[in-house]
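# Observations on the three-dimensional arrangement
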Amino acid sequence: MTTGELCIEGLRAEVAGREILRGVSLTVRSGEVHAVMGPNGSGKSTLAHVLMGRPGYRVLDGTVTLDGIDLLALPTWQRARAGLFLGMQHPIEVPGVSLLASLSAARTPPSGDGDDEVVPPDVAGQLAVEADRIGLDRRLLERPLNVDLSGGERKRNETVQLGVLRPRFAVLDEIDSGLDVDALAAVGRRVREATTEWGLGVLAVTHFARLLEVLVPDVVHVMTDGKVVATGGRELAGLVDQAGYAAYR
Ligand code: ADP
Ligand code: MG
């Protein structure tokens, strides 16, 4: 079980010349689930992308550290190696690359001696186990990544990747969108179990309290207009669900 923290402090960032994140601060510790709720356009996905280092997003101020490592100074692949994972709101299609190939590459330590083609022997088995846990058809594992998959299948695909890669911290951007109630419960349960299995820390962006009934958050943040405007316990998710975001704007 690992311990550590993902610490975001005073993060300001712009995209296309417009400041979207206007000073976000929060700290997720290993084993904790933090939910980020907020209206459309409040900057939740921007936060996810800035954390992972997507091109086109410019950091203006603030720091992001994972166990003291300055993530903002690293390229995306090194942030992943440091233990950060992003489950995307809109997972992209990668024609010609299967999930097995992609995860085998991710799990192979960088060697530089041309050995990169060697498939770590356990990845295929772990993939099958993780797929079964959340009810993803195993046949989809061999298909090109996300190509022609339904929205719900893509989200389960992201969850399978999380289970195999076992990152230290996961930013999950609307992992619940497109999932039916059964898949929602399975995905929520899988992510929650990861917090005790290996101490995963979670930053889960979601609109709906439904996911949070399974993936019970330790802390809930409400984000509007690029800032965290309220932080509380799991009861905050229920309040938002009932009353909407009007009180926070
Ligand atoms: P949320 O995920 O909370 O719905 P986003 O982070 O996706 O919000 O978007 C926040 C704001 O930033 C929106 O007004 C959106 O239009 C804008 N934005 C996000 N990405 C881009 C981009 N690549 N180019 C221009 N504007 C963007
Ligand atoms: Mg979004």
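Everything below is about the structure shown above.
Scope of this entry: the structure provided in the associated data block. Fair warning: this is a prediction, and the values are worked out from it, not measured in the lab. (Residues numbered from 1 in each chain as written. Chains lettered and ligands numbered in written order. Predicted model: local features only at pLDDT ≥ 70, side-chain atom pairs only at ≥ 80, totals over all residues. Heavy atoms only, no water.)

### Digging into the overall build of the protein chain
- Of regular secondary structure, the protein chain possesses eight helices and 12 strands.
- The C-alpha radius of gyration of the protein chain comes to 18 Å, within 12% of the 18 Å expected for a compact globule of 249 residues.
- Projected onto its principal axes, the C-alpha coordinates of the protein chain cover approximately 50 × 40 × 35 Å.
- Sequence separation of at least 24 residues holds for 71% of the intrachain contacts in the protein chain that already meet a minimum separation of 6.
- Summing over all exposed atoms, the protein chain offers an accessible surface of approximately 11,400 Å²; the carbon and sulfur share of this is 52%. (Helix = DSSP H or I, 4+ residues; strand = E, 2+ residues; numbered from the N terminus. Rg over C-alpha atoms; globule rule 2.2 N^0.38 Å. Contact = heavy atoms within 4.5 Å. Areas by Shrake-Rupley, 256 points an atom, 1.4 Å probe, with all protein chains shown as cover.)

### Some words on the nonpolar core
- Within the largest apolar cluster, 25 residues are counted, with the highest numbers of intra-cluster contacts made by I8, L11, L47, L51, L84 and L203.
- Sorting the residues of this core by element identifies β1 (5-15), β2 (18-29), α1 (44-52), β4 (57-66), β6 (84-87), β9 (169-173) and β10 (201-205) as the ones contributing at least two each.
- The residues contacting I8, other than those within four sequence positions of it, are V24, S25, L26, L47, L51, T63, V64 and L203.
- One finds I175, V187, V191 and L215 within the second-largest nonpolar core, a separate group that totals 18 residues. (Core = buried A, V, L, I, M, F, W, Y, C linked by side-chain atoms within 4.5 Å. Buried < 20%, exposed > 50% of the residue type's maximum accessible area, 1.4 Å probe, protein only.)

### Comments concerning the sheet that holds β2
- With antiparallel pairing, four strands are arranged side by side in an open sheet as β2-β1-β4-β5. Because the sheet does not close on itself, it has two edges, and the strands there are β2 and β5 (69-70).
- For β1 and β2, the ladder comprises nine bridges, and the chain directions are antiparallel. If you follow L6 over to β2, its bridge partner there is V28.
- Contacting β1, β2 and β4, α1 crosses the sheet at an angle of about 110 degrees to β1. (Pairing = 2+ DSSP bridges. Axes fitted to C-alpha atoms, helices over the stretch in contact; angles between N-to-C directions.)

### As for the site of ligand 1
- Looking at ligand 1, there are 13 residues lining it, with G41, G43, K44, S45 and T46 nearest.
- Interatomic distance of 2.8 Å between a backbone N/O atom of G41 and an oxygen atom of ligand 1.
- One of the backbone nitrogen or oxygen atoms of S45 is found 2.9 Å away from an oxygen atom of ligand 1.
- Contributing elements (two or more residues each) for the shell around ligand 1: β2 and α1.
- Of all the elements, α1 adds the most residues to the shell around ligand 1, at three residues.
- The class makeup of the residues in the shell around ligand 1 is five nonpolar, six polar and two charged. (Near = heavy atom within 4 Å. Polar contact = N/O pair within 3.5 Å; in protein donor to acceptor, adjacent residues only side chain to side chain. Nonpolar A, V, L, I, M, F, W, Y, C, P; charged D, E, K, R; others polar.)

### Details of the coordination of the magnesium ion (ligand 2)
- Within the protein, the atoms that donate to the magnesium ion (ligand 2) are S45 (OG) and Q89 (OE1), at distances of 2.1 to 2.2 Å. Of the two residues, S45 sits in helix α1 while Q89 sits in the loop between β6 and β7 (94-98), which places them 44 residues apart along the sequence.
- The partly exposed category is assigned to Q89, whose relative accessible area is 21%. (Donors = N, O, S within 2.8 Å, 3.2 Å for Na, K, Ca; no water.)

### Observations regarding helix α5 (residues 151-165)
- Between the first and last C-alpha of α5 there are 21 Å, a value that for 15 residues agrees with the 21 Å anticipated at 1.5 Å per step.
- When you tally the buried positions in α5, you get 12 out of 15 residues, the bulk of the element.
- When we look at burial in α5, the residues that qualify are G152, R154, K155, R156, N157, E158, T159, V160, Q161, L162, G163 and V164.
- Looking one or two residues beyond α5, the residue adopting positive phi is R166, at roughly 45 degrees. (Expected span 1.5 Å × (residues − 1).)

### Some remarks on the environment of V229
- Assignment of secondary structure puts V229 in strand β12 (residues 227-232).
- Owing to a relative accessible area of 41%, V229 belongs among the partly exposed residues under this scheme.
- Distance in space between the C-alpha atoms of V229 and Y248 is 6.8 Å, their sequence separation being 19 residues.
- Leaving out residues up to four positions away in the same chain, V229 has contacts with V222, T224 and Y248.

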